[in-house]
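# Observations on chain architecture
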Amino acid sequence: MTAYFVAQFTVKDPATLSSYSQKAGPVIASFGGELLFKSTAGEALEGSNPHKAIAVFRFPSHEALRDCHASDDYQALIAERKTGADMIITGYGAA
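Below or above, wherever it landed, is the structure these notes cover. (Residues numbered from 1 in each chain as written. Predicted model: local features only at pLDDT ≥ 70, side-chain atom pairs only at ≥ 80, totals over all residues. Heavy atoms only, no water.)

### Description of the sheet that holds strand β3 (residues 53-59)
If you walk across this open sheet you meet the four strands as β2-β3-β1-β4, and the pairing is antiparallel. With partners counted over all chains shown, the strands left at the sheet margins are β2 (34-39) and β4 (85-92), one partner each. Each neighbouring strand pair of the sheet contributes to a mean axis angle of 15 degrees, computed without reference to strand direction. Taken together, the eight bridges between strand β1 (residues 3-11) and β4 define a ladder with antiparallel strand orientation. Paired with Thr10 across the strands is Asp86, a residue of β4. In the packing of helix α1 (residues 14-30) onto the sheet, contacts are made with β1, β2, β3 and β4, and the angle to β1 comes to roughly 170 degrees. Lying over the sheet, helix α2 (residues 62-70) contacts β1, β3 and β4, oriented at roughly 40 degrees with respect to β1. (Pairing = 2+ DSSP bridges. Helix = DSSP H or I, 4+ residues; strand = E, 2+ residues; numbered from the N terminus. Axes fitted to C-alpha atoms, helices over the stretch in contact; angles between N-to-C directions. Contact = heavy atoms within 4.5 Å.)

### Thoughts on the nonpolar core
Ranked by internal contacts, the top residues of the largest apolar core, which has 20 residues, are Phe5, Phe9, Phe59 and Tyr74. Contributing elements (two or more residues each) for this core: β1, α1, β3 and α2. Counting residues per element, this core draws most heavily on α1, at five residues. (Core = buried A, V, L, I, M, F, W, Y, C linked by side-chain atoms within 4.5 Å. Buried < 20%, exposed > 50% of the residue type's maximum accessible area, 1.4 Å probe, protein only.)

### Topic: the packing of aromatic side chains
In this description, a pair of aromatic rings is defined by centroid distance and the angle of the planes. Applying the stated rule across the entire model yields four aromatic pairs. Considering the side-chain rings of Phe5 and Phe59, the 6.4 Å spacing of their centres and the 45 degrees angle between planes classify their relative orientation as tilted. Of this pair, Phe5 sits in strand β1 while Phe59 sits in strand β3, and the two are 54 residues apart along the sequence. Like Phe59, Phe5 is buried. (Phe/Tyr/Trp six-rings, centres within 6.5 Å; stacked < 30°, edge-to-face > 60°.)

The following block contains the structure:
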């Protein structure tokens with residue numbers, strides 16, 4: 001069953017976030033993940049959201065999404081991601 005990796009974020013260091021994104025893209029693709037959309041024009045219609053940017057990736061299964069996030073290649077990028085942005089990452093789909 002299809003699963004989605006949703007990242008809501010606030011950029012802290014654009015150059016570092018760009019570097020992270022360039023490295024993370026191939027890792028995500030190697031697990032069958034693909035970027036569906038990325039936007040920086042978020043508007044809370046109800047409630048509040050501290051982050052104004054979002055990126056959504058589709059994976060072929062929740063297992064592929066989890067395997068990607070847990071992979072050594074992705075885990076090696078987390079420090080760079082945290083330097084580049086404050087981010088909330090959520091996985092959606094059947095476990």
